[in-house]
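What follows is the residue order along each chain.
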Amino acid sequence: MTLAAGTAVLGATLTACSASASASGPGSAPAAVGGTARAERTDVSVSLRGDDAPAGAPVTVTLADGTLRAVEVTDASGGTLTGRMSEDGHTWTSDRPAAPGTRYHVKATDTRGGADTEEFTTAEADLVNKLTLAPGKNVTVGIAQPLSIVFDHPVKNKAAVEKALKVTTSNDTEGSWGWLRDYSGKDRVDWRPKEYWKPGTEVTLDAGLNGTDSGPGGGFFVRDYAMSFTVGHAQVVKVDLDRHRLALVRDGSTVMDIPVSGGTPGGDKASWRGTAVLMAKEGTINMRSETVGLGDAYDKMVDFSMRLTWSGMYAHAAPWNAAYFGVANHSSGCVGMSDANAAELYTKTQVGDPFEITGADTKGVVAEGNGYGAWNVSWADWQAKSAL
């Protein structure tokens, strides 16, 4: 019996059901001396073997002679590796790679009634990669919210990772993954629709990453992830820094139109322009200028804080700046408004709502990784950021 290097023979040969010595015709067992049926023998090999098998590769089961009927590969916790049979029925290959630190049980049967089993264990991962998902499970979000994944360690095998990420929507929304650098400096991949989501869309992410290798310096993923969310109202916050006005437009109708004051033009205190996405409603927080590189300009407790970027741009209540609402941009970069208007806006907005910010005296466009700036990239350019 000859096997390819690196394979293991199943513990016992596959054996067909016995037949009487007088049987004849196709498929009958050959006669043996003394009138006893001679067992047919079939050689089966498994691509992984032993107690320290390499993880990250598919499991392949090969039948040297005959046709495989079924192959089952299960782990100790009851998980199953699904797979596909070759056209000639000689080989079965798992759809997903073998995960690190896992004991697998292999059962193979052939079309002649033979069956056999084998077991192997994969080596533990030297380094484990983990991730953070947004927007979170079972939440309702605005029409601009992307699916966003930030990885703890670098991802060099981007195509393999992206291939494991399955997005399903209730209305076949067109969208694409795009790889970028998060504001934290970590690798990140976002999935955004071609256009804003339609209200009521149900979105599911199945990240079948268990056993996927991130590449050098990244390590293996050792679990799968899942997330579902629903898209809420179709509303957009339009901020016109030239007119010093903010309008909340819901389903095409303006439900708020208020005076505001944006960032002071001409330096680091200017506001960003472009489309920012409401990342979080943080309530009352302490804002200190040192955290955004502005020296000792301010240290305040700020109410109704709505985060727009990682770099510190918010929409919030700013009663100390009341003289400039609707008149001039005179903040340290945020969009400020009265307590009453901030309270109303805070109540009516959703995480994931787009803030479309226009104005001549700004310091640039919101970057992709500074919050959710993917909407400032053309659709063609965004698709080009996919590893697939």
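Please refer to the structure placed before this passage.
Residues numbered from 1 in each chain as written. Predicted model: local features only at pLDDT ≥ 70, side-chain atom pairs only at ≥ 80, totals over all residues. Heavy atoms only, no water.

Under the defined criterion, the tally for this structure stands at 12 salt bridges. In this structure, Arg-96 and Asp-224 form a salt bridge, with 2.6 Å as the shortest nitrogen-oxygen distance. Here Arg-96 is found in strand β9 (residues 91–97), whereas its partner Asp-224 is found in the loop between β18 (202–207) and β19 (225–231), with 128 residues between them in sequence. Residue Arg-96 is classed as partly exposed on the basis of its relative accessible area, which comes to 29%. Measuring nitrogen to oxygen at the nearest pair gives 3.2 Å for the salt bridge that ties Arg-103 to Glu-119. Separated by 16 residues along the polypeptide, Arg-103 in strand β10 (residues 103–110) and Glu-119 in strand β11 (residues 115–121) bring together distant segments of the chain. Residue class for Arg-103 comes out partly exposed when judged on its relative accessible area of 33%. According to the relative accessible area criterion, Glu-119 is partly exposed, its value standing at 36%. (Salt bridge = Lys/Arg side-chain N within 4 Å of Asp/Glu carboxyl O. Helix = DSSP H or I, 4+ residues; strand = E, 2+ residues; numbered from the N terminus. Buried < 20%, exposed > 50% of the residue type's maximum accessible area, 1.4 Å probe, protein only.)

What follows is about the sheet that holds β19. Pairing within the open sheet is mixed, and its 4 strands lie in the order β13-β19-β18-β15. Each edge of the open sheet carries a strand with a single partner, namely β13 (139–141) and β15 (165–169). If you compare each strand with its neighbour and ignore which way they point, the axes differ by 25° on average. Bridge count for β13 against β19 is 3 bridges, and the pairing is parallel. Paired with Thr-140 across the bridge in β19 is Thr-230. (Pairing = 2+ DSSP bridges. Axes fitted to C-alpha atoms, helices over the stretch in contact; angles between N-to-C directions.)

Without other data, these values stay purely geometric and don't point to any function.
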